[in-house]
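So the chains spell out like this:
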Amino acid sequence: EKITISVIKADIGGWPGHCKVHPALIEKANELLGKAKEEGTIIDFYATYCGDDLQLIMTHKHGVDSEKIHGLAWNVFKEATEIAKELGLYGAGQDLLKDAFSGNVRGMGPGVAEMEITLRKSEPIVTFHMDKTEPGAFNLPIFRMFADPFNTAGLVIDPHMHMGFRFEIWDIKEHKRVIMNSPEELYDILALIGAKSRYVIKRVYPKKGHKLPEDEPVAVISTEKLYEIAGEYVGKDDPVAIVRAQSGLPALGEVLEPFAFPHLVSGWMRGSHNGPIMPVPLKYATPSRFDGPPRVVALGWQINKDGKLIGPVDLFEDVAFDEARKKALEIADYIRRHGPFEPHRLPLEEMEYTTLPGVLEKLKDRFEPV
Ligand code: 13P
Ligand code: 13P
Ligand code: MG
Ligand code: MG
Ligand code: MG
Ligand code: MG
């Protein structure tokens, strides 16, 4: 029998600014999801935060894109927004872009990663939660987990993984997707996903002949682009992901290893800067320096035979990631000294805020031919 894991998140108000989720919002989520669990709508849940994004992790039997589950999440965000308004939190309701819920939250503002899977005898998973960045920030680490033998020893030495994986890649500007095979099309895959603001890995699947069903994802990433949904800037689409581990898949440590390198991502201050992504435990998921640098939290779970979430283990709460944090801070110092210059500041077309049209308008009579 299959169960579905859904991670649905939204920024419905920051405390203060864009720093953190206020505990009263998490309390509200716990209350409403607790009720839904008692009523049997969901099997289990955990509510938490990463920066200013409220994170709902749920297991249930309704499949992906379920009106019931998305409606539940929407309702949590709506009710928590009322509290956010009362507390005067910053940008209360920022990610709820439409007033009325119409079936599912995709395209409405909240970010969603979900997968329906046949549980293995033991089902270790990791949920990743990022703040101050965009979905393309997952391209490099997901690629490393499932396609890079220098990261994942299992690709070389585990007979169940040696065949590689399939990548579902979305063109988020043209709204098209393509499924590609690794390792056969490795260089073509990289040609796309290296352009991380446009091509994003949406899912990873096993190949035919793998011991897991080839139509059930082993990784899924949220790919909502908020600024395109609203037609203007409303907050960068701080993404989430679910990754299954072990037994024919990357081991837990192979899933986490890519984050030992704090790669550069876009986001940070005003969603308009490049900076390193810092792997942190929850207690440090409070981006404050120049509203960053961007953060990633990894929560580890075992899902039991009933679909219960046994966890979380706060996986970056390990001294083994101290050097990555130190490196991220060094890079942050270095790149910050560029101030408003590229490539710290994003190129014009990727900034979420820009005064350029206004500046050009003001100068339009003063520009002369050269
Ligand atoms: P254990 O021997 O601790 O089970 O670890 C096995 C493994 O595959 C680690 O990657
Ligand atoms: P969030 O996307 O986390 O709300 O951050 C927005 C921002 O402008 C930070 O400076
Ligand atoms: Mg915010
Ligand atoms: Mg955020
Ligand atoms: Mg946001
Ligand atoms: Mg953002």
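Residues numbered from 1 in each chain as written. Chains lettered and ligands numbered in written order. Predicted model: local features only at pLDDT ≥ 70, side-chain atom pairs only at ≥ 80, totals over all residues. Heavy atoms only, no water.

Caption draft 1: Focus on the state of the cysteines. This structure, assessed with the given rule, holds zero disulfides. As a non-bridged cysteine, C19 has C50 as the owner of its nearest cysteine sulfur, 11 Å distant. For C50, a relative accessible area of 0% corresponds to the buried category. (Disulfide = S-S within 2.5 Å. Buried < 20%, exposed > 50% of the residue type's maximum accessible area, 1.4 Å probe, protein only.)

Caption draft 2: Region of the structure containing the domain arrangement of the protein chain. Here the domain parsing of the protein chain yields domain 1 (1-117) and domain 2 (119-359). Each of domain 1 and domain 2 has a C-alpha centre, and these two points are 20 Å apart. Opposite the 36 residues of domain 1 that make contact, domain 2 presents 45 residues. Together domain 1 and domain 2 conceal approximately 3200 Å² of surface at their shared face, both sides included; 68% is due to carbon and sulfur atoms. Looking only at domain 1, the three residues that lose the most surface to domain 2 are C50, M115 and I117, adding up to 18% of its buried area. Counting across the domain 1 and domain 2 interface gives two salt bridges. Here domain 1 and domain 2 share seven residue pairs in polar contact (both at pLDDT 80 or more) between them. In terms of residue count, strand β4 (residues 111-118) provides more of the side of domain 1 that touches domain 2 than any other element does, seven residues in total. Of the residues belonging to the side of domain 1 that touches domain 2, the class tally is 16 nonpolar, nine polar and 11 charged. (Domains from an automatic or database assignment. Contact = heavy atoms within 4.5 Å. Buried area = accessible area lost by both parts, 1.4 Å probe. Salt bridge = Lys/Arg side-chain N within 4 Å of Asp/Glu carboxyl O. Polar contact = N/O pair within 3.5 Å; in protein donor to acceptor, adjacent residues only side chain to side chain. Helix = DSSP H or I, 4+ residues; strand = E, 2+ residues; numbered from the N terminus. Nonpolar A, V, L, I, M, F, W, Y, C, P; charged D, E, K, R; others polar.)

Caption draft 3: How the structure looks around the packing of helix α3 (residues 139-147) against helix α5 (residues 186-193). Here α3 crosses α5 at 165°, and the two axes come no closer than 11 Å. The angle between the axes of α3 and α5 places the two elements in the roughly antiparallel class. Once α3 is placed against α5, the crossing between them reads as right-handed. Where α3 approaches α5, its residues N139, F143 and A147 are matched on the opposing element by L186, I189, L190 and I193. Of the residues belonging to the contact of α3 with α5, the class tally is six nonpolar, one polar and no charged. (Axes fitted to C-alpha atoms, helices over the stretch in contact; angles between N-to-C directions. Parallel < 35°, antiparallel > 145°, perpendicular 65-115°, else oblique. Left-handed = near helix turned anticlockwise from the far one by under 90°.)

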